[in-house]
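# Coordinate inspection notes
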Amino acid sequence: MLKVGVLGAGHLGKIHLRLLNESEKYSLVGFYDPDVINGKKVEAEFGYTYFDNINKLMDAVDVLDIVTPTLSHFDCAKKAIEKGKHIFIEKPITNTLAEAEELIELKNKHNVKGQVGHVERFNPAFSAVKNSIVNPMFIETHRLAEFNPRGTDVPVVLDLMIHDIDAILSVVNSEVKSINASGVSVISKSPDIANARIEFKNGCVANLTASRISLKNMRKSRFFQQDAYISVDFLEKKVEVVKMKDAPEQAGDFDMVLQNAEGEKKQIYFENPEVAGNNAILDELETFADAINNNTTPIVTLEQGTNALRVALQIIESF
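Residues numbered from 1 in each chain as written. Predicted model: local features only at pLDDT ≥ 70, side-chain atom pairs only at ≥ 80, totals over all residues. Heavy atoms only, no water.

Per an unreviewed UniProt entry, the protein carries the name Oxidoreductase domain-containing protein and comes from Cellulophaga geojensis KL-A.

Here it is, written out as structure tokens:
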């Protein structure tokens, strides 16, 4: 079992602490939080060992799970890597592109592994259809959330939209050609609503919308490709796969057949992939343990987290 420590005991940090404590792949050594009062409170309530010195915690573990505010990601990760520790770091990887690129250099220099917490890659609905998403040419995403003061220290693009940016980059095998976007600040000092249109060099277009002042929560993505439409509901953990194939010469009474202007007939059929029940956060943490123990590539590398950050910052710059 890998000895692990958690940096940050806020809302998400406490979830990570609980899951790591339950995991059979990690041995939870303890956690550090700069807020001593909160740290002592979490220790008293849950029984996790509180370290009031970040270096002592780092020295006692194999892996650091960084669940601190984005602005502190780089300093925490750099210190951990220089001590030869593997790092799991919440998204976005860092606050700036230069910081992210420096972490990649440090990771390679010190021969440690790193993974970024893009948890939607482990969402069971996305996992169920990811292999069916082949060369999509139009993608539409909506990620809407009710207002929550947590996360408003960064623009909605880095808070919410970056989830969809990473998922899109994982299925579109092409470089970004151009980005057009708009963002509006309503409650926060940074944009609360944003829309972005990403054009890729292979012709694919992705239209992304994110809001953190919605009246309802929604996390849906739709992928359109040759002879297929795939819908993923990340919130409800549901998928819809509609495919087309050449229609048989003699269609059955219940076959759905469409005919285009050229006279070609296509049969529509539905697939229902099984959506497994899982805990996506536990999965991302445990697959990272597997990558360390088996010396394999993590599912969401620091390089991929950096690519998602790069696109997110390009979107923000084009407001």
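What follows picks up the thread again.
## Section: the pairing of strand β2 (residues 26–32)
Operational definition: Accessible area is worked out with a 1.4 Å probe on protein chains only. A residue is then buried under 20% of its type maximum, exposed over 50%, and partly exposed in between. Going along the chain from the N terminus, every DSSP run of H or I of four or more residues is numbered as a helix, and every run of E of two or more is numbered as a strand. Should DSSP find at least two bridges between two strands, the strands are taken to pair. By convention a crossover is right-handed if, when the strands point away from the viewer, the path from the first strand over the helix to the second runs clockwise.
Buried residues dominate β2, accounting for 5 of its 7 residues. Here strand β1 (residues 2–7) pairs with β2 via 6 bridges, running parallel. By the bridge assignment for β2, V6 is matched with F31. Handedness of the crossover is the feature at issue here: the chain leaves β1, passes through helix α1 (residues 11–22), returns alongside β2, and the resulting connection is right-handed. In this sheet, strand β3 (residues 50–51) lies alongside β2 in parallel orientation, the contact comprising 2 bridges. What sits directly across from F31, in β3, is Y50.

## Remarks on the pattern of salt bridges
As a reminder of what qualifies: What makes a salt bridge here is a side-chain nitrogen of Lys or Arg within 4 Å of a carboxyl oxygen of Asp or Glu, nothing more.
With the rule as written, the count across this model stands at 18 salt bridges. When the shortest N-O distance is used, the salt bridge between K78 and E102 registers 3.6 Å. Of this pair, K78 sits in helix α4 (residues 73–82) while E102 sits in helix α5 (residues 97–110), and the two are 24 residues apart along the sequence. Judged by its relative accessible area of 26%, K78 falls in the partly exposed class.

## Things to note about the UniProt feature "domain: Gfo/Idh/MocA-like oxidoreductase N-terminal" (unreviewed entry) in the protein
The condition is simple: UniProt positions are given in the numbering used here, feature names are shortened, and annotations may be inferred rather than shown by experiment.
Look at the UniProt record and you will see "domain: Gfo/Idh/MocA-like oxidoreductase N-terminal" (unreviewed entry) annotated at residues 2–118. Secondary structure content for residues 2–118 is 45% helix and 24% strand, and the end C-alpha separation is 21 Å.

## Overview of the sheet that holds strand β4 (residues 63–66)
To be explicit about the condition: The contact rule is simple, with two residues in contact once any of their heavy atoms fall within 4.5 Å. To obtain each axis, a line is fitted to C-alpha atoms, and for helices this fit is confined to the stretch in contact; angles are then taken between N-to-C directions over 0 to 180 degrees.
The strand order across the open sheet formed by 6 strands is β3-β2-β1-β4-β5-β6, and the pairing between neighbours is parallel. Of all the strands in the sheet, the pair left with one neighbour each is β3 and β6 (114–117). Packing of α4 onto the sheet brings it into contact with β1, β4 and β5 (86–90), and relative to β5 it is tilted by some 170°. In the packing of helix α9 (residues 302–317) onto the sheet, the strands contacted are β5 and β6, and the crossing angle to β6 comes to about 40°.

## Quick look at the side chain of Q115
By the element assignment, Q115 lies in strand β6. Apart from the residues within four sequence positions on either side, Q115 is in contact with I87, F88, I89, F122, E284, T287, F288, P298, I299, V300 and L302.

## Some details on the pairing of strand β7 (residues 138–144)
Within β7, 5 of the 7 residues are buried, which leaves the element mostly enclosed by the surrounding structure. Pairing between β7 and strand β10 (residues 205–211): 7 bridges, direction parallel. By the bridge assignment for β10, F138 is matched with V205. Pairing analysis gives 7 bridges linking β7 to strand β11 (residues 218–225), with the strands arranged antiparallel. Paired with L144 across the two strands is M218, which belongs to β11.

## With respect to the sheet that holds strand β9 (residues 193–200)
Strands belonging to one sheet form pairs held by backbone hydrogen bonds; the direction of such a pair is parallel or antiparallel. Taken together, 9 strands build an open sheet; the order of strands is β8-β9-β10-β7-β11-β12-β13-β15-β14 and the sheet is mixed. This sheet does not close on itself; its edge strands, each paired only once, are β8 (176–184) and β14 (256–259). Neighbour-to-neighbour, the strand axes of this sheet turn through a mean angle of 15°, independent of strand direction. The pairing of strand β12 (residues 228–233) with strand β13 (residues 238–246) spans 6 bridges and is antiparallel. Bridge pairing links V232 to V239 in β13. Relative to the sheet, helix α7 (residues 156–171) contacts β7, β9, β10 and β11, its axis offset from that of β10 by approximately 155°. Across the sheet, α9 is in contact with β8 and β9; its angle to β8 comes to roughly 55°.

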